[in-house]
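Chains, contacts and geometry: an overview
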Amino acid sequence: MTPQDAAKFSTMFNAIVDNISRAVLGKKRVIRLVLTTLIAEGHILLEDAPGTGKTVLAKSLAASIEGSHSRIQFTPDLLPSDVTGVNIYDQHSGTFEFHKGPVFASIVLADEINRASPKTQSALLEVMEESKVTVDGVTYGAGRPFMVIATQNPIEQTGTYKLPEAQLDRFLMKTALGYPDHDSVITILTGSAQRDRTASLRPVISGEDITVLSDIAGHVYLNPAIADYVARLGAATRNDAETRIGVSVRGCIALVRASKVWAAAQGRNFVIPDDIKELASEVFTHRIILDPESEFNGVTPADVMTRILASVAPPTEQM
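Cut-offs applied
- Residues numbered from 1 in each chain as written.
- Predicted model: local features only at pLDDT ≥ 70, side-chain atom pairs only at ≥ 80, totals over all residues.
- Heavy atoms only, no water.
- Helix = DSSP H or I, 4+ residues; strand = E, 2+ residues; numbered from the N terminus.
- Rg over C-alpha atoms; globule rule 2.2 N^0.38 Å.
- Buried < 20%, exposed > 50% of the residue type's maximum accessible area, 1.4 Å probe, protein only.
- Contact = heavy atoms within 4.5 Å.
- Areas by Shrake-Rupley, 256 points an atom, 1.4 Å probe, with all protein chains shown as cover.
- Lys, Arg positive; Asp, Glu negative; His and termini not counted.
- Charge placed at Lys NZ, Arg CZ, Asp CG, Glu CD.
- Salt bridge = Lys/Arg side-chain N within 4 Å of Asp/Glu carboxyl O.
- Pairing = 2+ DSSP bridges.
- Axes fitted to C-alpha atoms, helices over the stretch in contact; angles between N-to-C directions.
- Parallel < 35°, antiparallel > 145°, perpendicular 65-115°, else oblique.
- Left-handed = near helix turned anticlockwise from the far one by under 90°.
- Nonpolar A, V, L, I, M, F, W, Y, C, P; charged D, E, K, R; others polar.
- Core = buried A, V, L, I, M, F, W, Y, C linked by side-chain atoms within 4.5 Å.
- Phe/Tyr/Trp six-rings, centres within 6.5 Å; stacked < 30°, edge-to-face > 60°.
- Lys NZ or Arg CZ within 6 Å of the ring centre and 35° of its normal.

Moving on, we get to the overall build of the protein. A count of helical and extended segments in the protein gives 14 helices and eleven strands. A globule of 319 residues ought to have a C-alpha radius of gyration of about 20 Å, and the protein, at 20 Å, matches this closely. Projected onto its principal axes, the C-alpha positions of the protein cover 70 × 50 × 45 Å. A buried classification covers 49% of the 319 residues belonging to the protein. Looking at the protein alone, contacts between residues at least 24 apart form 77% of all its contacts between residues at least 6 apart. Here the protein has roughly 14800 Å² of accessible surface; of this, 54% comes from carbon and sulfur atoms. Looking at the protein, you have 30 positive and 37 negative side-chain charges, and the mean spots of the two groups are 3 Å apart.

This is the structure we're talking about:
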């Protein structure tokens, strides 16, 4: 990847962010995280209260890349076939015809995913991991680009089912959108006559361009010293006294993938330690399973990550 490629990447990346920011106000960092996840060909989990603009974010992203968008409202009675699709018998032709479910879209918003039963939650596993769905022995590709933006309510709310660790690990990042700042709220309220802020958005690039950006980001240079830093961070989460399960090699790979996109978005064709530190919490925290005693004492995975980032020294050699 040349410096010119990195500069072009950064220009396109920031153009998409600016376009989405016209509808999602005051949330540029979260927008950058979501776009980084898309280009890294991963999925993102947002843990937020209702009404923070998650649907607007998903629609804005889809509109900006000229892609399709779908929303799945997860409820206790939702069936796996409601997500993936179902074969329906056609009396005229005498054959079964597959009717695709809402998971077949460029940007899929899985809203309140932890309100559905574990069986329905698991219906997303294959398509999130392999970008394909198998129904009655036949496999259907989800296409590229493809990303699931899942949201969940805080687990202490009634009527929720905790996501299994295996499914949490399928998300490249976990973050929160949060409520907008005061000035952004004023702007939203004064423009409340415009019910859909995404309606005026125009595509910045095409879905095919996103796949090109994904391929370009894969060629960002990763110094062996940076790879060693990521490996040491992952090992520190596994060896920490307050964790039962730390970050796997798959989690470390996810951090590298995201950091390459993050570096290119800054106009660089190489990863620096600051890229790793900038994204480590969003990529690692949801993969850390605490020791029950530590959890009972009020320790959080975020506390563990803060301590590890402070204690594990980044590389200092010239890269």
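So, about the side chain of serine 106. Within the fold, serine 106 resides in the loop between strand S4 (95–100) and strand S5 (107–111). Judged by relative accessible area, which is 13%, serine 106 ranks as buried. Not counting chain neighbours up to four residues away, the residues in contact with serine 106 comprise Gly67, Ser68, Pro145, Phe146 and Met147.

Now for helix H3 (residues 54–64). Restricting attention to buried positions, one finds in H3 the residues Lys54, Leu57, Ala58, Ser60, Leu61, Ala62 and Ser64. Summarising the contacts, the buried residues of H3 are in contact with helix H1 (3–21), helix H2 (28–39), strand S1 (44–47), strand S2 (69–73), S5 and strand S8 (147–152). Directly beyond the C-terminal end of H3, a positive phi value near 55° is found at glutamate 66.

Evaluated as defined, the whole model comprises 18 salt bridges. In this structure, aspartate 169 engages arginine 250 in a salt bridge whose closest nitrogen and oxygen atoms are separated by 2.7 Å. Within this pair, whereas aspartate 169 is found in the loop between helix H7 (165–168) and strand S9 (173–175), its partner arginine 250 is found in helix H11 (residues 249–265), the two being separated by 81 residues in sequence. On the basis of relative accessible area, aspartate 169 is assigned to the buried category, the value being 14%.

Strand order in the open sheet formed by five strands is S2-S5-S8-S1-S9, with parallel pairing between adjacent strands. Both edges of this open sheet fall to S2 and S9, since each of them pairs with a single strand only. Here the average twist between neighbouring strands, direction ignored, is 15°. Alignment of S5 against S8, held across four bridges, turns out to be parallel. Bridge assignment links valine 108 to a residue of S8, and that residue is valine 148.

It is worth spelling out the packing of helix H10 (residues 224–239) against helix H14 (residues 301–311) at this point. A pair of packed helices can be characterised by two numbers: the angle between their axes and the separation between those axes. Packing of H10 against H14 leaves a shortest axis separation of 10 Å and a crossing angle of 135°. Taken together, the axes of H10 and H14 lie oblique to each other. Crossing of H10 over H14 shows right-handed handedness. Packed against H10, whose contacting residues are Tyr229, Leu233, Ala236 and Thr237, the element H14 presents Met305, Ile308 and Leu309 at the interface. The class makeup of the residues in the contact of H10 with H14 is six nonpolar, one polar and no charged.

To continue, consider the nonpolar core. In summary, soluble globular proteins display a tendency toward joint burial of nonpolar side chains. One finds Phe9, Ile39, Leu61, Ile107 and Ile149 to be the most contacted residues of the largest nonpolar core, which totals 63 residues. Of all the elements, H11 adds the most residues to this core, at ten residues. Not counting residues up to four positions away in its chain, the partners in contact with isoleucine 107 are Leu38, Ala58, Leu61, Ala62, Ile65, Ser68, His69, Ser70, Met147 and Ile149. Membership of the second largest hydrophobic core comes to 26 residues, among which are Val103, Met128, Phe146 and Phe171.

In the structure shown here, the tally under the stated rule is four aromatic pairs. Relative to phenylalanine 13, the ring of phenylalanine 9 lies with its centre 6.3 Å away and its plane at 15°, an arrangement referred to as stacked. Placement of both phenylalanine 9 and phenylalanine 13 in helix H1 is noted, with a separation of four residues, approximately one turn of the helix. Taken as a pair, phenylalanine 9 and phenylalanine 13 share a single burial class, namely buried. Both rings, one in tyrosine 89 and one in phenylalanine 96, keep their centres 5.2 Å apart while their planes meet at 65°; by these two values the pair is edge-to-face. Put simply, the rings of Phe98, Phe104 and Tyr140 touch in pairs and so form one group of aromatic residues. When the ring centre of tryptophan 262 is taken as origin, the NZ or CZ atom of arginine 32, which lies over that ring, is 5.7 Å away. The lysine or arginine in question, arginine 268, covers the ring of phenylalanine 270, its NZ or CZ lying 5.9 Å from the ring centre.

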